[in-house]
Amino acid sequence: MKTRREMLEEFVAQDENDSFSRYALALELEKEGRELEAIPHLQEVIARDPGYVAAYYHLGRMLARMGQTEDARAIYHRGLDAAIAANDQRTRAEIQDAVDALG
């Protein structure tokens, strides 16, 4: 039986443009404590699909946890712009809370 991560890796291999599967794979890797592997997937989601607003939040959070505060802040600000453009008030508020928490 394949793990969730293995299945998601297969989905991404079959369709590199599948933002949802790549995003889900990144979160699965994060859950396994493999953030260094997760970050490039989130960066790729954003590069391929700049309107995938949730990816900015999770990428910023991982970067902040790794002590990369300025990189996190930059990603959060890009995410705020994307959330505003998408009229996604919930994610905009979550990202704004994360920015505020950075100080």
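In short, a report on the structure. (Residues numbered from 1 in each chain as written. Predicted model: local features only at pLDDT ≥ 70, side-chain atom pairs only at ≥ 80, totals over all residues. Heavy atoms only, no water.)

1. Section: the overall build of the chain
The condition that has to hold: Helix and strand labels come from DSSP, where a helix needs a run of H or I of at least four residues and a strand needs a run of E of at least two; each type is numbered from the N terminus. The reference for a compact globule is 2.2 Å times residues^0.38; the radius of gyration itself is calculated from the C-alpha atoms.
Each helix and strand in the chain was counted, giving six helices and zero strands. Reading the chain from its N terminus to its C terminus gives the helix and strand order α-α-α-α-α-α. By the compact-globule yardstick of 13 Å for 103 residues, the chain fits well, its C-alpha radius of gyration being 14 Å. Dimensions of the chain, computed from C-alpha atoms along their principal axes, come out at roughly 45 × 30 × 20 Å.

2. Looking at helix H3 (residues 35-48)
Definition in use: Multiply 1.5 Å by the residue count of a helix minus one, and that product is the helix's expected span. Throughout this description, buried means an accessible area under 20% of the type-specific maximum (1.4 Å probe, protein chains only), exposed means over 50%, and partly exposed covers the range between. Contacts are assigned to residue pairs that have any heavy atoms within 4.5 Å of one another.
The end-to-end C-alpha distance of H3, which contains 14 residues, comes to 20 Å, matching closely the 20 Å that a straight helix rising 1.5 Å per residue would cover. What H3 keeps buried is the set Glu 35, Ala 38, Ile 39, His 41, Leu 42, Val 45 and Ile 46. Close packing links the buried residues of H3 with helix H2 (19-31), helix H4 (53-65) and helix H5 (69-86).

3. Let's talk about the pattern of salt bridges
Put simply, the test is: The term salt bridge refers to a side-chain nitrogen of Lys or Arg lying within 4 Å of a carboxyl oxygen of Asp or Glu.
Across all of its chains, the model carries 14 salt bridges by this definition. Between Glu 30 and Arg 61 there is a salt bridge whose closest N-O contact spans 2.7 Å. Separated by 31 residues along the polypeptide, Glu 30 in helix H2 and Arg 61 in helix H4 bring together distant segments of the chain. The exposure class of Glu 30 is buried, given its relative accessible area of 14%. Between Arg 73 and Glu 70 there is a salt bridge, with its nearest N and O atoms 3.6 Å apart. Here Arg 73 and its partner Glu 70 are both found in helix H5, three residues apart, which amounts to about one turn of the helix. What you see here is one network of salt bridges that share partners, running through Arg 5, Glu 9, Glu 32, Arg 34 and Glu 37.

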